[in-house]
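# Overview (structure and organization)
Residue-level listing of the chains:
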Amino acid sequence: KNNYISSVFGVTKNEEILFHIPTRGGHTVTVPMNINFDVVFNTRAGMFQLSVEITKRGKLENFPIYVFEPSSKLQKVQRRDYYRFNCLLPIKVLPIPEDVALLPSMTLVEDDLEKYGNTYGDPVEGNIVDISGGGARFKSRHEVQTERYMYCSFVLSTPNLNKIINVISRKVKVEYDSENNVYIHRIEFLFKEPDDREIIIKYIFDEERRLRKKEQG
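With that settled, the discussion passes to the overall build of the chain. Scanning the chain for helices and strands turns up three helices and 14 strands. Computed over its C-alpha atoms, the radius of gyration of the chain comes to 19 Å, within 12% of the 17 Å expected for a compact globule of 217 residues. Here the C-alpha coordinates of the chain stretch approximately 55 × 45 × 30 Å along the principal axes. Expressed as a percentage of its 217 residues, the buried residues of the chain come to 41%. Summarising the internal contacts of the chain: among those between residues at least 6 apart in sequence, 59% fall at separations of at least 24. On the chain, roughly 13,300 Å² of surface is accessible, and the fraction owed to carbon and sulfur atoms is 46%. Where the 31 positive side-chain charges of the chain centre and where its 30 negative ones centre are 4 Å apart.

Right under this line is the structure:
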């Protein structure tokens, strides 16, 4: 079973759905045609699922796209609850506009940030205090000044893993802790690289196992 991450480009008058061709590691991924896929849409109103079939490939506004034809009705699905692991990981965060956040690959996002990133707002540094495969909670002295989206970068390091995670995130909630003079941000990860979620889950598993062995002596 393969998982692909993409974004919707638009919908035609014939109710066909235009998707950006998925990427992995900065390279486009070829997805078989004329095979049914289950597609999950992550929206502000929740998560929805639809069965589709790729009927065409092409380009639109210089972006490679697939044309999906629905083979079922749209259904709302329950979001999986992820286990949150308590930790202390330095994180760097940059506010970004929606059009950058919704670019189809991290390569395009980072190309944009290299050119215009210093115009989007002040970067913020903080510490992740819990993390899961779906998001994180981090504390910082300053609030990230963004309406919704941010670019986050942090390092996951264990004896078996050393990986920089660069991921687009969506602001869920911000609270101010006046006693400790910090802002507490809750964010949801919007992965463009499918492997990143699995790397985070592996990090949590490795750290949990290490802590259990430490407690057992």
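Turning our attention to the packing of aromatic side chains. Under the counting rule described, the total for this entry stands at six aromatic pairs. Seen from their ring centres, Phe-85 and Tyr-203 are 6.1 Å apart, and the 85° between their planes marks the pair as edge-to-face. Placement of the pair is Phe-85 in strand β9 (residues 85-96) and Tyr-203 in helix α3 (residues 194-216), with a sequence separation of 118 residues. For Phe-85, a relative accessible area of 4% translates into the label buried. Residue Tyr-203 is classed as buried on the basis of its relative accessible area of 3%. Among the aromatic residues, those joined into a ring-pair cluster are Phe-19, Tyr-66 and Phe-68.

Attention shifts here to the nonpolar core. Ranked by size, the top nonpolar core spans 25 residues in total, and within it Ile-128, Ile-131, Phe-154, Leu-156, Phe-189 and Tyr-203 carry the most contacts. Mapped by element, the contributors of at least two residues to this core are β9, β10 (124-131), β11 (135-140), β12 (149-158), β13 (161-177), β14 (182-190) and α3. For this core, the element with the highest residue contribution is β9, accounting for five residues. When neighbours within four sequence positions are excluded, Ile-131 is seen to be in contact with Tyr-83, Arg-84, Phe-85, Cys-87, Ala-136, Phe-154, Phe-189, Ile-200, Tyr-203 and Ile-204.

Of note, Arg-197 is situated in helix α3. In the structure, Arg-197 is positioned 63 residues away from Gly-134 in sequence and 7.5 Å away in space, judged by C-alpha atoms.

In this section: the sheet that holds β14. Spatially, six strands are ordered β9-β10-β11-β14-β13-β12 in a closed barrel, and the strand pairing comes out antiparallel. Across the sheet, the mean angle separating the axes of adjacent strands is 40° when strand polarity is ignored. The strands that helix α2 (residues 106-116) touches are β9, β12 and β13; relative to β13, the one it contacts most, it runs at about 70°.

At Glu-15, a position not held by glycine, the phi torsion is positive, near 65°. Checked against the element boundaries, Glu-15 lands in the loop between β1 (8-11) and β2 (17-20). Judged by its relative accessible area of 61%, Glu-15 is exposed. You will see that Asn-181, though not glycine, has its phi angle at about 55°, which is positive.

Where α2 is concerned, the buried positions are Met-106, Val-109, Asp-112 and Leu-113. Down the axis of α2, the sector holding all buried residues measures 125°, keeping them to one side. Exposed and facing more than 90 degrees away from the buried side of α2 are Glu-114 and Lys-115. On the buried face of α2, the contacting elements are β9, α1 (98-101), β12 and β13.

Analysis parameters
Numbering of residues begins from 1 in every chain and follows the order in which that chain's sequence is written. At least 70 in pLDDT is required for a residue's local features to be given in this predicted model, at least 80 for side-chain atom pairs to be given and counted, and no such filter applies to totals for whole chains, interfaces and linings, which use all residues. Side-chain numbers here rest on the full set of heavy atoms in the structure, without hydrogens or water. Helix and strand definitions here come from DSSP, where helices need a minimum of 4 consecutive H or I residues and strands a minimum of 2 consecutive E residues; each element is numbered from the N-terminal end. Radius of gyration means the value over C-alpha atoms here, while the globule rule gives 2.2 Å times the residue count to the 0.38 power. Each residue gets one of three labels from its accessible area relative to the maximum for its type: buried under 20%, exposed over 50%, partly exposed in between, using a 1.4 Å probe on protein chains only. The contact definition used throughout considers only heavy atoms, calling two residues in contact when any of these lie within 4.5 Å. Accessibility throughout is a Shrake-Rupley quantity obtained with a 1.4 Å probe, and a residue counts as covered only by protein chains that appear here. Under the counting rule used here, the positive set is Lys and Arg, the negative set is Asp and Glu, and His together with the chain ends is not counted. Lysine's charge is taken at NZ, arginine's at CZ, aspartate's at CG and glutamate's at CD. Two rings from Phe, Tyr or Trp (for Trp, the six-membered ring) form a pair when their centres are within 6.5 Å of each other. A pair whose planes differ by under 30 degrees is stacked, one over 60 is edge-to-face, and the rest are tilted. Side-chain atoms within 4.5 Å are what join buried Ala, Val, Leu, Ile, Met, Phe, Trp, Tyr and Cys residues into a set we call a nonpolar core. Think of it this way: DSSP has to see at least two bridges between two strands before they count as a pair. Fitted lines through C-alpha atoms give the axes, limited to the stretch in contact for helices. The angle between two N-to-C directions lies from 0 to 180 degrees. Picture the helix axis, draw a direction to every C-beta atom, and the arc is the one those directions span.

Honestly, it's all geometry; don't read function into it.
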